[in-house]
Amino acid sequence: MSKVMVVTSGKGGVGKTTSTAALGAALAQRGQTVAVVDFDVGLRNLDLVMGAERRVVFDLVNVAQGDAKLAQALIRDKRLDTLSLLPASQTRDKDALTEEGVGRVIEELRARFDWILCDSPAGIEKGATLAMRFADLAVVVANAEVSSVRDSDRIIGLLDAKTRRAEQGERLDKRLLLTRNDQGRAARGDMMKVEDVLEILAIPLLGVICESPDVLTAANMGAPVTLHSPSSAPALAYADAARRLLGEDLPMTMLAPRQSLISRLFGRRAAA
Amino acid sequence: MSLFRFFTRGPSAPAARNRLQLLLAHERALSGRPDLIAVLQKEILAVIARHIPIDQDKVAVKLDRGAQVSILEIDIEMPDEVLLRG
């Protein structure tokens, strides 16, 4: 049974695209067949983060409108052949997508892949609601920061109202992925703690990803962090999150990025 | 970052800059005709379809955008009986 998972947040810049790429690659590394779909029509970036930007020919809009076959638009990852990307259109706007068109594409993807990860655009408008529309499960990406948590709460409300599952009275599984976390700041009382955010949003925790320069480096190189630096703290946390998605019950570990000798000597955090 | 990785990989910012320069050059050049590749593919296939039947499911389109040249690759599977009869 294939699963459609939306990666969403409301707020921009919290790590949706990074998390989509990293979780997609981590699931594919565990033998699952995975398609990552960019719903940010007009402002695509998943292709760039995955390192496939030079190979984009057709996109989600082309397939939804019947101008290209799904197989022609899917870009298979060069490192992992169980991982494919369906890019967004860079030249159209979000009105180019219709619910019927997206529904057809999702059905076709379901026939080919174990996992379909929908990378939502920021905001709560058409692109975001279409990305979540056919989801079986949602990953809400948030930072421990007031505006992000508020927007996440709004998105959770939309997930419970606007998805097809919710409308049919079925349960939509929602999990929180806390990204850019800085335990040092949380310990000093400068940042909300994981427990604080969990208490406010009241959905189960999928994982905690620490703030780390490895994430930026991986994006610079055009590789999901789970492929580019698999032993880094964020990659290990994403890999654990992927195992939880596959049903494993793992203890939640808060990994901090390894500190360089210099920052250790001066007592600063690498990411500060 | 370990010393080993520092020497073997080098900093990633130049890679980011190069990738962006290449990508944006292509996107700006195509800003007036964003669907050029799709149009090219459609017209090339139409010419071939005049002579032999093409199964749209057996057409693979690949693109590799490079700094100097880009390569558009269109693989069309042609059934043997059509070619042998011709």
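Conventions we followed
- Residues numbered from 1 in each chain as written.
- Chains lettered and ligands numbered in written order.
- Predicted model: local features only at pLDDT ≥ 70, side-chain atom pairs only at ≥ 80, totals over all residues.
- Heavy atoms only, no water.
- Helix = DSSP H or I, 4+ residues; strand = E, 2+ residues; numbered from the N terminus.
- Buried < 20%, exposed > 50% of the residue type's maximum accessible area, 1.4 Å probe, protein only.
- Contact = heavy atoms within 4.5 Å.
- Areas by Shrake-Rupley, 256 points an atom, 1.4 Å probe, with all protein chains shown as cover.
- Lys, Arg positive; Asp, Glu negative; His and termini not counted.
- Charge placed at Lys NZ, Arg CZ, Asp CG, Glu CD.
- Buried area = accessible area lost by both parts, 1.4 Å probe.
- Salt bridge = Lys/Arg side-chain N within 4 Å of Asp/Glu carboxyl O.
- Polar contact = N/O pair within 3.5 Å; in protein donor to acceptor, adjacent residues only side chain to side chain.
- Nonpolar A, V, L, I, M, F, W, Y, C, P; charged D, E, K, R; others polar.
- Core = buried A, V, L, I, M, F, W, Y, C linked by side-chain atoms within 4.5 Å.
- Pairing = 2+ DSSP bridges.

> Even after reading the chapter, I still don't get the overall build of chain A, so can you show me in this structure?
Across its full length, chain A carries 14 helices and eight strands. Overall size of chain A, expressed as C-alpha extent along the three principal axes, is 60 × 40 × 35 Å. Looking at the 272 residues of chain A, the share that counts as buried comes to 56%. Considering only contacts in chain A between residues 6 or more positions apart, those separated by 24 or more positions represent 73%. Total accessible area computed for chain A in this model is approximately 11,400 Å², and 48% of it derives from carbon and sulfur atoms. Here chain A contributes 36 positive and 35 negative side-chain charges, whose respective centroids are spaced 3 Å apart.

> Any chance you could explain the interface of chain B and chain A here in plain terms?
By a frequent convention, interface size equals the accessible area lost on bringing the separate parts together. Taken together, the 24 residues of chain B in the interface contact 23 residues of chain A. Here chain B packs against chain A, burying approximately 2,200 Å² in sum over the two surfaces, 46% of which is carbon and sulfur. On inspection of chain B and its partner chain A, the count reaches three salt bridges. Close ionic contact of Glu53 of chain A with Arg19 of chain B constitutes a salt bridge, the shortest N to O distance being 3.1 Å. Inspection of the region where chain B meets chain A yields 10 residue pairs in polar contact (both at pLDDT 80 or more). Here the side of chain B that touches chain A takes eight residues from helix α2 (residues 13–29) of chain B, the largest share from any one element. Residue classes in the side of chain B that touches chain A are distributed as 12 nonpolar, three polar and nine charged.

> Looking at this model, I keep getting lost on the nonpolar core. Mind explaining?
Across soluble globular proteins, nonpolar side chains show a tendency to be buried alongside one another. Residues and elements named next belong to chain A. Judged by nonpolar contacts, the single largest core of 56 residues is most densely connected at Phe39, Leu86, Leu97 and Leu109. The biggest single contributor to this core is helix α7 (residues 146–162), with five residues. Excluding anything up to four places from it in sequence, Leu109 contacts Ala35, Val37, Leu70, Leu74, Leu86 and Ile116. If you look at the next biggest cluster of nonpolar residues, it comprises 36 residues, including Ala21, Ala22, Val49 and Val139.

> Teacher, can you tell me more about the sheet that holds strand β4 (residues 83–86) of chain A here?
Strand-to-strand pairing in sheets goes through backbone hydrogen bonds, with the strands running parallel or antiparallel. Residue and element names in this part refer to chain A. Strand order across the open sheet formed by eight strands is β3-β4-β2-β5-β1-β6-β7-β8, with mixed pairing between neighbours. If you trace the sheet from one side to the other, it starts and ends with β3 (75–76) and β8 (205–210), each paired once. Of the pairings in the sheet, the one linking strand β1 (residues 3–8) to strand β6 (residues 137–142) comprises four bridges and is parallel in character. If you follow Val6 over to β6, its bridge partner there is Ala138.

> How should the pattern of salt bridges be read in this particular structure?
As a working rule, side chains carrying opposite charge can pair if their charged atoms are close by. Enumeration over the complete set of coordinates arrives at 21 salt bridges over all chains. A salt bridge links Glu107 of chain A to Arg110 of chain A; its shortest N-O distance comes to 3.6 Å. Of this pair, Glu107 of chain A and Arg110 of chain A are both found in helix α5 (residues 99–112), three residues apart, which corresponds to roughly one turn of the helix. The exposure class assigned to Glu107 of chain A is partly exposed, which follows from its relative accessible area of 44%. For the salt bridge of Glu77 of chain B with Lys58 of chain B, the shortest nitrogen-to-oxygen distance reads 3.9 Å. One end of the pair, Glu77 of chain B, is in the loop between β2 (71–76) and α4 (80–85); the other, Lys58 of chain B, is in the loop between α3 (36–49) and β1 (59–64), with 19 residues separating them in the sequence. Residue Glu77 of chain B is classed as exposed on the basis of its relative accessible area of 51%. Here the salt bridges do not stand alone but share partners, grouping Glu107, Arg110, Asp136, Arg165 and Glu170 of chain A into one network.

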